[in-house]
Amino acid sequence: MANPTITTKKNTPRAGAERVDAHDKVRGATRYAADDARPGLLHAALVPSRIARGTVTRIDTSAALRVRGVRTVLTHENVGSFDSGGFGFQSFYPLRSTQIAYRGQSVAMVVADTLEAAREAAGLVVVAYDATPFVATLDAPDAEPLTQTAVLPQPMFADRRVGDPEGALAGAAVTVDLRYTLPAQHQNPMEIIATVAEWNDGVLTIREPTQNAEGVRHGLATQLGIEPAKVRVLSPTLGGGFGQKNSLQSHTALVAIAARTLQRPVKLVMTRAQLFHNASFRPASRHRVRLVADRNGRLLSAIHEIDQQTSRHDLFPSLGTEITSRLYGVGNFLGRERLVRTDVQTPGYMRAPFEHPAAFAFESAIDEMAYALDRDPVAFRLANDATVDPLTGKPFSSRHVAECLVKGSETFGWARRTMAPSSMRAPDGSLIGWGVAIGTYKAAMAPAIATVRLNTNGTVRVAVGGHEMGQGMRTAIAVTVARALGAPVAAVEILLGDTRAAPQHLTAGSWGTATALPPVLEASQRLMDDLRQNAGSTAGESGVTALALLRASGRPFAEAESRRRAPGQPEQVFGRLTGGLPAAAGPVYPDFVGFSFIAHFVEVRIEPTTRRIRVPRVVSVADCGAVASPRTARSQVEGGVVWGIGVALREVSEVDARYGGFLNADLAEYVMPVAADIGRIEVDFVGKPDTRLNAMGVKGLGEVAMVGVAPAIVNAVFHATGKRLRRLPVMLEDLIGD
Ligand code: MOS
């Protein structure tokens, strides 16, 4: 009997089709790496360094080894040599020597029959150190800024210069010269990092939440000196990535080595506190922004200088001016970035890693300039929109930021705003502030290979490179495939994050959808075309499904493949893809530049005596090209706004310069917004497909979502109070007194 649900009409997904993984998640059926409980599993625990820099002079594991159930304690003395691999978030790997590079660095790993035994024994490892002086913060007196042009490859990390930005300073009508400070911050995904390593007949299987299964696979193969074919990495679902899980972690090889030595599967689940020192984080940064405009409100010149924290052992680049140079049509621009070495683990990518801090500084300064010129902040932004990329002169693949501003103003009711600070009050006496800011983020893409297979029982199996970290990639793929084949969404099974299913390029930089969807769509269309051709005359019927055609054909299954790469990428880029190497392109392509855009409108209410800041209302309008999956897209923007509220008003990783490391390494003291802090968030999209970029017309959304939220908030706080706040996070005391 034919399945009655298989007709195109009934199963064309609704605009807001549900998340395909929602039911499993809310029922607790989704299995994360830390849930793994395979027979014979041993448990590992890390021992952190108590000093910020120096060497281990002696390590005594005898008490730890006496704990019942302890199988081994790995230290630099017994772990054996392993390669650095080249795929990590940092070049430094703990336990390869006696060196201590940062506080909280692992100095030993205990493996035991139970988690309790492992953690108890970890506390009994006695370590003696030879400590040396260290630099804990960006502002330390002996911290030395290094100009990126001098220390990083050129021209990739050159200053961004167009026109004569310094010359425009002289004789200018109106200038602002402002400095901004942002702290280090740590992403705290719900799912903490966990690794399960198991060896079977010389083949290593790693279960670990990662955004980069292929990188982990090749990195481990190098570290352990085995063939990549002998390593399989599984990362089907992440409970949040945010850049923390985008590289080989420092501990993964240790877990694999322990499993090989003990001939048993081994699991390591970090503690929340250990995440603060064992994974990358958003580095602290400081910014100087100089803007020049004429009396008619035309921006003439902008100079944006950034100092960003890095580690002593690596130079994590700063890229903030990649976007601030593109926010407006400014003919004279200089972006200059410097790095400051500190004794920390290497900082890294954390949702809009550079773009959020850079936009905070630049969009705050733009607001100050609007006020210096007595221009409405929305009108000032619209008047200075860019028509072509100021840096390269190339066209934008699409740019609808003006539409974001116009649409957002209307929804928000911006026309009712009065310009003067402290001019709007709520009936309860609260100060009301309305602020605006825009954001942009590169529209990048990476190569991907997709296969789609339809079976006569109606199931569809899709395999492609991509990682589901909660952003909704599975839903976007399921909706796309179901629509193309006339199949129910529920019939589509999607293999992601599995190095055996398809090459798994790093999913980051907001390129996931634009990378995975075009080949998935093309493979689905090929499959459909193939079935139609095969069926001949009956194939013309509208509403005919792939399954009906397959069944009529008498074939056991139908399968199609597609390989897609970014515009301008050579065929050889697939070699990088299969080698686990980064192969993303953008924002500069041969014929255009690609960026996503957003405008945020924020209302703050400030209680007049306590100065408590609330954010009851946000309107965000995004230009991310075509919206592949409306429900998950809206959710991405809501999440970005919530995080924007967090980075503006809550989050800071505290450092005690006497000790190094990070102090508030738990969810009680690393303060984030809770549900009660979040008011109404209205999300809208321009929705115009960007078909220059790819066949689906999609640009990225995950990161642009939070770019510009923080400046919109501080601009609103200024509007409410008349106070300019240039350091994040904003504290109540910043608004008390004067
Ligand atoms: Mo994301 S911060 O590019 O993983």
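Residues numbered from 1 in each chain as written. Predicted model: local features only at pLDDT ≥ 70, side-chain atom pairs only at ≥ 80, totals over all residues. Heavy atoms only, no water.

Colleague: Now, about the packing of helix H14 (residues 512-535) against helix H15 (residues 546-553): what can you tell me, with residues and values included?
Modeller: In contact at an axis separation of 9 Å, H14 and H15 are set at 45° when each is read in the N-to-C sense. Comparing their axes, H15 and H14 come out oblique. Relative to H15, the crossing made by H14 is left-handed. Contacts between H14 and H15 pair Leu527, Met528, Leu531, Arg532, Asn534 and Ala535 from the former with Ala546, Leu549, Leu550 and Ser553 from the latter. In the contact of H14 with H15, the residues fall into seven nonpolar, two polar and one charged. (Axes fitted to C-alpha atoms, helices over the stretch in contact; angles between N-to-C directions. Helix = DSSP H or I, 4+ residues; strand = E, 2+ residues; numbered from the N terminus. Parallel < 35°, antiparallel > 145°, perpendicular 65-115°, else oblique. Left-handed = near helix turned anticlockwise from the far one by under 90°. Contact = heavy atoms within 4.5 Å. Nonpolar A, V, L, I, M, F, W, Y, C, P; charged D, E, K, R; others polar.)

Colleague: Before we move on, could you go through the domain arrangement of the protein chain and cite the residues and values that matter?
Modeller: The domain boundaries assigned to the protein chain delineate domain 1 (41-133 + 190-240 + 245-278), domain 2 (145-184 + 282-443 + 590-735) and domain 3 (448-575). Here the C-alpha centroids of domain 2 and domain 3 sit 36 Å apart. Tallying the contact residues gives 17 residues for domain 2 and 16 residues for domain 3. Note on domain 2 versus domain 3: buried area summed over both sides is about 1,200 Å², and carbon and sulfur give 68% of it. (Domains from an automatic or database assignment. Buried area = accessible area lost by both parts, 1.4 Å probe.)

Colleague: Tell me about the sheet that holds strand E10 (residues 194-200), and name the residues and values.
Modeller: Across the sheet, seven strands lie side by side as E3-E5-E1-E13-E10-E11-E12; this open sheet has mixed pairing. At either margin of the open sheet sits one strand with a lone partner, and together these are strand E3 (70-74) and strand E12 (231-234). Averaged over all adjacent pairs, the angle separating strand axes in this sheet is 20°, with direction ignored. Where strand E1 (residues 42-48) meets strand E5 (residues 106-112), six bridges bridge the pair, whose relative direction is antiparallel. Paired with alanine 44 across the bridge in E5 is valine 111. In the packing of helix H6 (residues 213-224) onto the sheet, the strands contacted are E10, strand E11 (203-207) and E12, and the crossing angle to E12 comes to about 145°. (Pairing = 2+ DSSP bridges.)

Colleague: Quick one: what's the story with the packing of aromatic side chains, residue by residue and with numbers?
Modeller: Enumeration over the complete set of coordinates arrives at 18 aromatic pairs. When the ring of phenylalanine 281 is compared with that of phenylalanine 662, the centres are 5.1 Å apart and the planes differ by 65°; the resulting orientation is edge-to-face. Placement of the pair is phenylalanine 281 in the loop between helix H8 (272-278) and strand E14 (285-293) and phenylalanine 662 in the loop between helix H17 (630-649) and strand E24 (678-685), with a sequence separation of 381 residues. Each of the two residues, phenylalanine 281 as well as phenylalanine 662, counts as buried. Geometrically, the ring pair formed by phenylalanine 396 and phenylalanine 597 is edge-to-face, given 6.0 Å between the ring centres and 70° between the ring planes. On the criterion of sequence distance, the pair formed by phenylalanine 396 in the loop between helix H11 (377-383) and helix H12 (401-412) and phenylalanine 597 in strand E22 (residues 595-606) is long-range, its members being 201 residues apart. (Phe/Tyr/Trp six-rings, centres within 6.5 Å; stacked < 30°, edge-to-face > 60°. Buried < 20%, exposed > 50% of the residue type's maximum accessible area, 1.4 Å probe, protein only.)

Colleague: Account for the environment of glycine 466, with residues named and values stated.
Modeller: With respect to the helices and strands, the residue glycine 466 is situated in the loop between strand E19 (460-463) and helix H13 (473-485). A sequence separation of 36 residues divides glycine 466 from alanine 502, and the C-alpha atoms of the two residues are 8.9 Å apart. In this structure, glycine 466 is in contact with Met473, Leu496, Gly497, Gln504 and Thr507, ignoring residues within four places of it in sequence.

Colleague: Which residues make up the pattern of salt bridges, and what values do they have?
Modeller: If you walk through the whole model with that rule in mind, you get 39 salt bridges. In this structure, aspartate 343 engages arginine 53 in a salt bridge whose closest nitrogen and oxygen atoms are separated by 3.7 Å. Here arginine 53 lies in the loop between E1 and strand E2 (54-60) and aspartate 343 lies in the loop between strand E16 (332-342) and helix H10 (355-372), a separation of 290 residues in the sequence. It is possible to trace a salt-bridge network through shared partners that takes in Glu363, Asp367, Glu368, Arg381, Arg724 and Arg726. (Salt bridge = Lys/Arg side-chain N within 4 Å of Asp/Glu carboxyl O.)

Colleague: Before we move on, could you go through unusual backbone geometry and cite the residues and values that matter?
Modeller: Omega for the bond connecting glutamine 154 with proline 155 falls within 30 degrees of zero, at 0°, which places this linkage in the cis form. With respect to the secondary-structure elements, proline 155 resides in the loop between helix H5 (148-151) and strand E8 (160-162). In this structure, proline 587 follows glycine 586 across a cis peptide bond, with omega equal to 5°. Assignment of secondary structure puts proline 587 in the loop between helix H16 (573-578) and E22. Residue alanine 352 is not a glycine yet carries a positive backbone phi of 50°. As for its position among the elements, alanine 352 is in the loop between E16 and H10.

Colleague: Explain H12 residue by residue, including any values.
Modeller: Counted at 1.5 Å a residue, the expected span for H12 with its twelve residues is 16 Å, and the 16 Å between its end C-alpha atoms agrees. Every buried residue of H12 is listed here: Val401, Cys404, Leu405, Gly408, Ser409 and Phe412. Viewed end-on, H12 has its buried residues packed into an arc of 125°, placing them on one side of the element. On its buried face, H12 is in contact with H11, strand E17 (431-442), E22 and strand E23 (613-623). A positive phi of about 85° marks glycine 413, the residue just after H12. (Expected span 1.5 Å × (residues − 1). Arc of directions from axis to C-beta.)

Colleague: Break down the nonpolar core for me, citing the residues and quoting the values.
Modeller: Among the nonpolar cores identified, the biggest contains 103 residues, and Leu291, Phe362, Phe601, Val604 and Ile713 are the most heavily contacted of them. Beyond its immediate sequence surroundings of up to four residues, isoleucine 713 is in contact with Val602, Val604, Gly644, Ile645, Ala648 and Leu649. Core analysis: the second largest hydrophobic core is formed by 45 residues, Val452, Ala514, Val544 and Phe592 among them. (Core = buried A, V, L, I, M, F, W, Y, C linked by side-chain atoms within 4.5 Å.)

Colleague: Can you break down helix H7 (residues 252-262) residue by residue, with the values?
Modeller: Extensive coverage of H7 is indicated by the burial of eight of its eleven residues. Three or more residues of H7 are buried, namely Thr252, Ala253, Leu254, Val255, Ala256, Ile257, Ala258 and Ala259. Glutamine 263 sits one or two residues past H7 and shows a positive phi near 55°.

Colleague: Mind laying out the sheet that holds E23, listing which residues take part and the relevant values?
Modeller: Read from one edge of the open sheet, four strands run E17-E22-E23-E24, paired in mixed fashion. Each edge of the open sheet is held by one strand with a lone partner, namely E17 and E24. Recorded for the sheet is a direction-independent mean angle of 15° between the axes of neighbouring strands. Note: E22 against E23, nine bridges, orientation antiparallel. Each residue of the ladder has a partner; that of arginine 605, found in E23, is arginine 614. Running at roughly 25° to E22, H12 makes contact with E17, E22, E23 and E24 of the sheet. Against the sheet, helix H18 (residues 709-721) touches E17, E22 and E23, its axis set at about 160° to E17.

Colleague: Before we move on, can you summarise the pairing of strand E13 (residues 266-269) with the specific residues and values?
Modeller: The two faces of a sheet get side chains in turn, since along a regular strand they alternate between them. Along E13, one buried face is formed by Val266 and Leu268 and the opposite face, lined by Lys267 and Val269, is buried too. Two elements, E10 and E13, share four bridges in a ladder whose sense is antiparallel. By the bridge assignment, threonine 195 is partnered in E13 with leucine 268.

Colleague: Break down the side chain of glutamate 363 for me, with residues and values.
Modeller: With respect to the helices, strands and loops of the structure, glutamate 363 is situated in helix H10. On the basis of relative accessible area, glutamate 363 is assigned to the buried category, the value being 0%. Those residues in contact with glutamate 363 that lie beyond four places of it in its chain are Leu327, Tyr328, Arg381, Ala437, Ile438, Pro711 and Asn715.

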